[in-house]
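Each chain, written out:
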Protein chains: 2
Amino acid sequence: MKKFFLFAALLLACAAVSAQPGMRRGGPRINDDLSVSFLVQAPQAREVAVDICNKVYPMTREGDGPWTVTTDALEPGFHYYFLVVDGFRASDPQATLYYGCSTWASAIDIPEAGVDFYLDKDVPRGDVRLERYWSPSLKTWRTAWVYVPAEYNSNPGKRYPVLYLQHGGGEDETGWTRQGKTDAILDNLLAEGKCEPMLIVMDYGQAGDFAKILLEETIPMVDSRFRTIPDAKHRAMAGLSFGGGQSWSIGLKHPEVFSSIGIFSSGMFGGVGPGAYAPFSVESQLPELVADPKAFNAAHDVFYISCGLGDPRIEHTRKAAEALKAAGADVKFSAWPGGHEWQPWRKSLHEFVQMLFK
Amino acid sequence: MKKFFLFAALLLACAAVSAQPGMRRGGPRINDDLSVSFLVQAPQAREVAVDICNKVYPMTREGDGPWTVTTDALEPGFHYYFLVVDGFRASDPQATLYYGCSTWASAIDIPEAGVDFYLDKDVPRGDVRLERYWSPSLKTWRTAWVYVPAEYNSNPGKRYPVLYLQHGGGEDETGWTRQGKTDAILDNLLAEGKCEPMLIVMDYGQAGDFAKILLEETIPMVDSRFRTIPDAKHRAMAGLSFGGGQSWSIGLKHPEVFSSIGIFSSGMFGGVGPGAYAPFSVESQLPELVADPKAFNAAHDVFYISCGLGDPRIEHTRKAAEALKAAGADVKFSAWPGGHEWQPWRKSLHEFVQMLFK
């Protein structure tokens, strides 16, 4: 019975992968044991390897045939990878590509047995809208991706709360939809009555003075084009990694704009960069909490922090959450299996949105 | 004065390019004379070249430095290209990628002096919506991209005509938006009052029995989710290349569904494949026109055929259009500078939509 469910979950997950735009042909094959087999045509190359998140698998070939390799069993979740052909690092021409690692990266999405909350299901489907808008500060056109729940169109008199949801470093406004499956996660939760209907705005965050762009350009655009409830009580900000740092440095610092904050897998509390995890100090990095915990908690409906258990940021993040709690913050901390990748972020979003706008 | 306008047009075009998602860093540089300079990091490679639509430019390097090449002046328009590193054909890690050539391809968009109808402008902007829907015949989830004009949201009582617009072979549902700039073309025309407000549905056409999918799955989904006018008079079909063949074989053969047809750069009239341009015969390939030209014209508000002057399909297409005219069809034929690429398709769309739904 258990085996059947595993098989069914894998089938479902594979159907979801093959339905992705661009996944038209071969590409890597996920085996039953969650190892992955790659095949590359590079007849004149001397050396070919697959680099999956910096773990390198050298490929071999017979005669002039294609280069092949089968990996160890991979952890469930979404892993960027590259081909390295005679030292040239390229995405896989056979794979679906995603914007990540500051380029168009190939990726493999390993299903997790029994986990289907982010898969496409037969429920009312919302849509994701590409909103073009001019940024006066950047003097360029930008495109925000905006998730809109299915019920929005049939309730013309109803207004909605908004979650501003940021991608990680080297990703862009497409990440939370394409890699993260945000629309499927929300559609599935809404069908089960497990979260409030909301808009989710996903925009490109590694641009200019992003606080200025978000507060003075993006939010007014969204409030003018959509039926939002334009107050802090009905506005949340969350992000992963680099975007989690922005949720801290922009979202948490503007309680008059956002009442709920989610910080997923970010070591950058208070602006400390990745890898440079100076001991977290509530006193210096969140003095408003120390000064008046009651006022801080009253201003924040949800204050959520999460991290993957295999993420190098886990210890720093856990300690920061404990220090925040000790200082009186009503903070919710969650840890998930997995490293610094999309499976913990999908789970964080799935948990976070269920707490919002109650 | 002329030089200034050329310069201004180039500036505008470059701004549009840099605003594309994913175009965050280096990538190819378009020079003033419309040549393009490429730079590739591949220190261990023995041989590197740029392949632009099968014209190959070998790259050179000094010592262990990056590989570089500057092309001839390129024709204005959108050109897919690949890097060939020791015989391995890859997309350029530094470029914005697009789904084309049956893979995620790098591309360079050469501006055309004085031509700005497809650039982002300060006009009311519509949006493009990703619509997820289940295909019973394919047993998979599909994503249609749907252009919605800016006025749609503020006219809740108004219903709209629909253009079904298909991509070319090896492209997908993202092509008409990302490569084709459909939303900018429509937004600009609407701002000038030069076309009727309409929805444009862009879906993936190289899948299963596409006639069945389009007629029995996509159109009902669109008519149920959007405020359409669900009759033939207010429905058009157009496509480029492979998608133009589908406009012939599906759109023109179903006058009870579509009243206007656009066929851009397709040699495939009546199902003849590319490169196999058997002499076009109206009698065998469109007998309903020969039988009753008046009825045929009465059923078709717009019958539009176009091709690039540098496209190998031009002679076949021109002859077919002449034969159709000789048989009594009220067909409009346009030819544009350029080969088998997006600049003639952008111009074809721009002209075609101005004729629709009058």
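Bear in mind the structure is a predicted one, so any value in this text is a computation, not a measurement.

J.: Please provide a residue-by-residue account of the nonpolar core, values included.
T.: In this structure, A:L163, A:F264, B:L163 and B:F264 are the most contacted members of the largest nonpolar core, which totals 76 residues. The contacts of B:F264, once residues within four sequence positions are left out, are B:L165, B:W176, B:A238, B:G239, B:L240, B:S241, B:Y304, B:S306, B:W345, B:S348, B:L349 and B:F352. Counting 44 residues, the second-largest nonpolar core is a separate cluster that includes A:A42, A:W67, A:A95 and B:I52.

J.: Help me get a handle on the interface of chain A and chain B, residues and values and all.
T.: Each partner contributes residues to the interface: chain A has 49 residues there, and chain B has 50 residues. Across the interface of chain A and chain B, roughly 4300 Å² is buried in total on both sides, 54% from carbon and sulfur atoms. Looking at the side of chain A facing chain B, the largest losses of area belong to A:F88, A:W104 and A:W141, adding up to 18% of the total buried there. Summed over the shared surface of chain A and chain B, the number is four salt bridges. The shortest N-O distance in the salt bridge between A:R46 and B:D86 comes to 3.9 Å. At the surface where chain A touches chain B, the tally comes to eight residue pairs in polar contact (both at pLDDT 80 or more). Top element by residues in the side of chain A that touches chain B is strand β10 (residues 127-135) of chain A. It accounts for six residues. The sheet contact formed by β10(A) and strand β10 (residues 127-135) of chain B spans five bridges and is antiparallel.

J.: Quick rundown of the domain arrangement of chain A? Include the residues and the values.
T.: All names here are of chain A. Segmentation of chain A into domains returns domain 1 (2-110) and domain 2 (127-355). Taken residue by residue, the interface counts 18 residues in domain 1 and 13 residues in domain 2. Where domain 1 abuts domain 2, roughly 1100 Å² becomes buried across the two surfaces, and 43% of that area is made up of carbon and sulfur atoms. Interface area lost by domain 1 to domain 2 is led by F78, Y98 and Y99, which between them contribute 43%. There are one salt bridge connecting domain 1 and domain 2. Between R346 and D109 there is a salt bridge; the shortest N-O distance is 2.8 Å. For the interface between domain 1 and domain 2, the tally reads nine residue pairs in polar contact (both at pLDDT 80 or more). Mapped by element, the contributors of at least two residues to the side of domain 1 that touches domain 2 are β6 (77-85), β8 (97-100) and β9 (103-110). Of the residues that constitute the side of domain 1 that touches domain 2, the class distribution is nine nonpolar, seven polar and two charged.

Cut-offs applied
- Residues numbered from 1 in each chain as written.
- Chains lettered and ligands numbered in written order.
- Predicted model: local features only at pLDDT ≥ 70, side-chain atom pairs only at ≥ 80, totals over all residues.
- Heavy atoms only, no water.
- Core = buried A, V, L, I, M, F, W, Y, C linked by side-chain atoms within 4.5 Å.
- Buried < 20%, exposed > 50% of the residue type's maximum accessible area, 1.4 Å probe, protein only.
- Contact = heavy atoms within 4.5 Å.
- Buried area = accessible area lost by both parts, 1.4 Å probe.
- Salt bridge = Lys/Arg side-chain N within 4 Å of Asp/Glu carboxyl O.
- Polar contact = N/O pair within 3.5 Å; in protein donor to acceptor, adjacent residues only side chain to side chain.
- Helix = DSSP H or I, 4+ residues; strand = E, 2+ residues; numbered from the N terminus.
- Pairing = 2+ DSSP bridges.
- Domains from an automatic or database assignment.
- Nonpolar A, V, L, I, M, F, W, Y, C, P; charged D, E, K, R; others polar.

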